[in-house]
Amino acid sequence: MPRDALLSYLRSIALIAEKDMRIYYTKPPVLMFGFLFPLFMFLAFSLGRSADLHTLFPGLAAMFVFFVASSVGPLITPWEKRAGTYERLLSFPVTVNTLILGDVVAGMLFGIIINIIILTAGIAAFGYSVSFIGVLIIALSLMLGAFCFSALGVLLASPASTNPSNVMLLSNLVRFPLIFISGIFVPIASLQGIARVAAYCSPIAYLVNSFELGLLGSAAIPLLLGWAVLIGFSVVFVLLARTLLKRNLMKGL
Amino acid sequence: MKRDRDDVIAVAGLTKRFGAITAVDDVSFSVPEGELFGFLGPNGAGKTTTIRMLTGILTPDVGEVSIDGIDIQKHPIAAKMQMGIIPEMSNVYIELTAKQNVVLAGRFYGMHRKDVEERTDKLLQQFELSDRKDDRVEGFSKGMKQRVLIASALVHIPKVLFLDEPTSGLDVHSQRLIRAIIREMNDAGTTVFLTTHNIEEANTLCDRVGIINRGALAAIDTPERLKQAFNETQSVEVAFDKPTDVGEIERSGLVNRTERTGDTWRFYTDDPDALAKWIFSFAERRKLSFTTLSIEGASLEDVFVTVTEG
Ligand SMILES: Nc1ncnc2c1ncn2[C@@H]1O[C@H](COP(=O)(O)OP(=O)(O)OP(=O)(O)O)[C@@H](O)[C@H]1O
Ligand SMILES: [Mg+2]
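Residues numbered from 1 in each chain as written. Chains lettered and ligands numbered in written order. Predicted model: local features only at pLDDT ≥ 70, side-chain atom pairs only at ≥ 80, totals over all residues. Heavy atoms only, no water.

## Comments concerning the packing of aromatic side chains
Summed over the entire model, instances satisfying the criterion amount to 27 aromatic pairs over all chains. Arranged with centres 5.8 Å apart and planes meeting at 70°, the rings of F66 of chain A and F67 of chain A form a pair that is edge-to-face. Both residues of the pair, F66 of chain A and F67 of chain A, count as buried. Aromatic side chains F240 of chain B and F282 of chain B sit 6.2 Å apart centroid to centroid with 55° between the ring planes, which places their arrangement in the tilted category. Separated by 42 residues along the polypeptide, F240 of chain B in strand 11 (residues 235-240) and F282 of chain B in helix 10 (residues 272-286) bring together distant segments of the chain. For F240 of chain B, a relative accessible area of 6% puts it in the buried group. Every member of this aromatic cluster is reached through a ring pair, and the members are F33, F37, F66, F67, F149 and F176 of chain A. (Phe/Tyr/Trp six-rings, centres within 6.5 Å; stacked < 30°, edge-to-face > 60°. Buried < 20%, exposed > 50% of the residue type's maximum accessible area, 1.4 Å probe, protein only. Helix = DSSP H or I, 4+ residues; strand = E, 2+ residues; numbered from the N terminus.)

Below is the structure:
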């Protein structure tokens, strides 16, 4: 791709992400399912029983990344179609690819910003001694995880419905089961048989694993393998979202 | 595709089907640089479908579109950079302010922040929105929102402007303001393609009009020549001060058809001048006084009705 074309491609992605951040970060469903909900789950777990928070925190942090990063994507396209802004957005010099990547970046940044705070607070509160390498591992994992989960969120927006509450409902139907199979409440290493297989099918498990490695110093899955799987899931989510979005481009306009 | 050097919009064989419906059926035309072109048609004629294909939002089943010589299928981004587009029933972001909306649009077209801000301020002033420019659009009236929308499509000074029913549903003041801006952009060199079902708008605003009916292009010419081509709808309208037998007028050999509403007669004719003179001498002989006497040329409305009902 020539330099100018690349620049304008990146510019479109950045502008779409900026627009999403300004408009959708503060929408009630995003605040509700992206922030308050995981916060309450987190509190329920840390207050409700004498849990070993020191070993549970990596999983809870990954859950937080998942909820926050995947909360923006489902809302954007249905909301734009209903508000009558979508066709105009398509009329700008953008492509389906820049639209999707812009939305993914917006969700990813939301996940990263909020979880930098969560992780910093957690590290301070539960007294981890994290090495420099550990910080790097956590930072990179956070970025990959947030990208992956945000892409899943965008994918969940692609079905034809233009009713934001239907789409939020669908997205929660997918997101909750994923949480429960992901080895957040029980370390993957101690899962048996089918539960373990199920955990390996969820992208969240690989972020839990990377966080465990960064914070606790050991993990069940090799780091690079975990990252590769997260990247693999991301690619699949983006490509699927692209196919569905193209197919449903004019629906509801 | 054959294309004159100055054709900014060139369309050949454009066709789009939705299931059994052929929304646009083998439409070909071109619009030269600087023209203000109106696309006129009744509801469901295929205006929006056509404009969506011209602007690269919808892919045609058959046919080619080139914008300023750029094939929209092959180079959608380069073609879109030349255009300002206002889709039908579209909205700006109500969560953003008027200024933020226009600036955002300008940046999508690659304008630098400083240029876009200057241009935005100027446009919003022209659109009488200066004092509200930092308010969220949420509280704006329909006409104000439409003005923000149009300003967003003009901010990058497009080479060609596409508007799908830009004035429908607005009050007279907003309509006039918007038409004045369209004309001004056109005078400054922007080619304009607008759809409307407002015949008067097409008549007074457009250099050339295409009439689309059930997906097919039924007529395309200047408003004046379209009216001439349909001159069987010229007429002389007469009312006299007392009840009159007009059989003699009808037998003058000049009248094609007669219509009566109340005490007013309308005689359709190919030669309104001769017929008016004939009626004048008829009235003198009969000692009749006129309460109405007028010559009605063909109106674009007559043309439209003839074309779309035929
Ligand atoms: N996405 C679509 N799916 C199915 N049919 C469609 C679609 N878009 C348009 N049509 C059909 O194509 C035909 C032309 O519609 P179009 O919207 O282009 O008309 P129009 O001239 O813009 O009408 P109006 O003046 O009401 O805006 C109609 O019969 C319409 O029902
Ligand atoms: Mg229409």
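## Observations concerning the nonpolar core
Formed by 121 residues in total, the largest nonpolar core has its most connected members in L60, I179, I204 and F211 of chain A together with I211 of chain B. Of all the elements, helix 3 (residues 53-83) of chain A adds the most residues to this core, at 16 residues. Both domains that meet at this core, namely domain 1 (1-82 + 160-165 + 190-221) and domain 2 (228-309) of chain B, each give it at least three residues. Setting aside chain neighbours within four positions, we find L60 of chain A in contact with F42, F45, L53, I184 and F185 of chain A. Grouped together as the second largest cluster of nonpolar side chains are 26 residues, F39, L54, L58 and F193 of chain B included. (Core = buried A, V, L, I, M, F, W, Y, C linked by side-chain atoms within 4.5 Å. Domains from an automatic or database assignment. Contact = heavy atoms within 4.5 Å.)

## Overview of the side chain of N209 of chain A
All names here are of chain A. For N209, the location among the structural elements is in helix 9 (residues 203-216). In terms of polar contacts, N209 uses its side chain to reach the backbone carbonyl oxygen of I221, at 2.8 Å. Ignoring anything within four residues of it in the chain, the contact list for N209 reads A219, A220 and I221. (Polar contact = N/O pair within 3.5 Å; in protein donor to acceptor, adjacent residues only side chain to side chain.)

## Focus: the state of the cysteines
Under the counting rule described, the total for this entry stands at zero disulfides over all chains. C201 of chain A provides the cysteine sulfur closest to C148 of chain A, a residue in no disulfide bond, and the two sulfurs are 14 Å apart. (Disulfide = S-S within 2.5 Å.)

## Considerations on the domain arrangement of chain B
Residue and element names in this part refer to chain B. Along its sequence, chain B is carved into domain 1 (1-82 + 160-165 + 190-221) and domain 2 (228-309). Contacts between domain 1 and domain 2 engage 11 residues on the former and six residues on the latter. For the pair domain 1 and domain 2, the summed buried area comes to about 730 Å², and 85% of that belongs to carbon and sulfur atoms. Of all residues in domain 1, I199, I211 and N213 bury the most surface against domain 2, accounting for 55% of the area lost on that side. Seen at the junction of domain 1 and domain 2, the total is one residue pair in polar contact (both at pLDDT 80 or more). Those elements that place two or more of their residues in the side of domain 1 that touches domain 2 are helix 7 (199-205), strand 9 (208-213) and strand 10 (216-221). The leading source of residues in the side of domain 1 that touches domain 2 is helix 7, at three residues. The residue inventory of the side of domain 1 that touches domain 2, partitioned by class, reads seven nonpolar, three polar and one charged. (Buried area = accessible area lost by both parts, 1.4 Å probe. Nonpolar A, V, L, I, M, F, W, Y, C, P; charged D, E, K, R; others polar.)

## Looking at the site of ligand 1
Residues and elements named next belong to chain B. Taken together, 14 residues lie near ligand 1, and G44, K47, T48, T49 and E88 sit nearest. Contact distances for ligand 1 include 2.8 Å between an oxygen atom and a backbone N or O atom of G44. Between ligand 1 and A45 there is a distance of 3.2 Å, counted from an oxygen atom to a backbone nitrogen or oxygen. Look at ligand 1: alone it shows 640 Å² of surface, and the protein chains cover 67% of it. Going through the elements one at a time, strand 2 (21-32) and helix 1 (47-54) are the ones with two or more residues in the shell around ligand 1. (Near = heavy atom within 4 Å. Areas by Shrake-Rupley, 256 points an atom, 1.4 Å probe, with all protein chains shown as cover.)

## Section: the coordination of the magnesium ion (ligand 2)
Residue and element names in this part refer to chain B. At this site the magnesium ion (ligand 2) is bound by T48 (OG1) and E88 (OE), with donor distances of 1.9 to 2.5 Å. Of this pair, T48 sits in helix 1 while E88 sits in the loop between strand 6 (83-86) and helix 3 (98-108), and the two are 40 residues apart along the sequence. A residue is classified by how much of its surface remains accessible, and T48, at 17% relative accessible area, is buried. With relative accessibility at 28%, the residue E88 sits in the partly exposed group. (Donors = N, O, S within 2.8 Å, 3.2 Å for Na, K, Ca; no water.)

## What to know about the sheet that holds strand 3 (residues 36-40) of chain B
Residues and elements named next belong to chain B. If you walk across this open sheet you meet the six strands as 6-7-8-3-9-10, and the pairing is mixed. Strands with a single pairing partner mark the edges of an open sheet, and in this sheet they are strand 6 and strand 10. The sheet shows a mean angle of 15° between the axes of neighbouring strands, taken without regard to direction. In the sheet, strand 3 pairs with strand 9 via four bridges, with the strands oriented parallel. Note that in strand 9 the partner of F37 across the bridge is R208. Packing of helix 6 (residues 172-187) onto the sheet brings it into contact with strand 3, strand 7 (160-164) and strand 8 (191-196), and relative to strand 8 it is tilted by some 150°. (Pairing = 2+ DSSP bridges. Axes fitted to C-alpha atoms, helices over the stretch in contact; angles between N-to-C directions.)

## Quick look at helix 1 of chain B
An α-helix turns once every 3.6 residues. As a result, residues three or four positions apart point the same way. With respect to burial, helix 1 of chain B is a largely interior element, eight of its eight residues being buried. Three or more residues of helix 1 of chain B are buried, namely K47, T48, T49, T50, I51, R52, M53 and L54 of chain B.

## Some thoughts on empty space enclosed by the protein
Rolled over the atoms, a probe sized like a water molecule indicates the empty space that remains. Residue and element names in this part refer to chain A. All chains considered together, the criterion is met by four cavities of 30 Å³ or more. Its volume calculated, the largest cavity comes out at about 70 Å³. Every residue along the wall of the largest cavity is listed here: I76, T77, E80, Y86, L89, L99, I100, D103, V154, A157, S158 and L245. For the lining of the largest cavity, the secondary-structure elements that each account for two or more residues are helix 3, helix 4 (86-91), helix 5 (96-125) and helix 6 (132-157). Looking at the lining of the largest cavity residue by residue, the class counts come to eight nonpolar, two polar and two charged. (1 Å grid on protein atoms, 1.4 Å probe; cavity = no way out; pocket = protein on both sides within 12 Å on 5 of 7 lines; lining within 4 Å. Points joined across faces, edges and corners; volume = space filled by probe spheres on them.)

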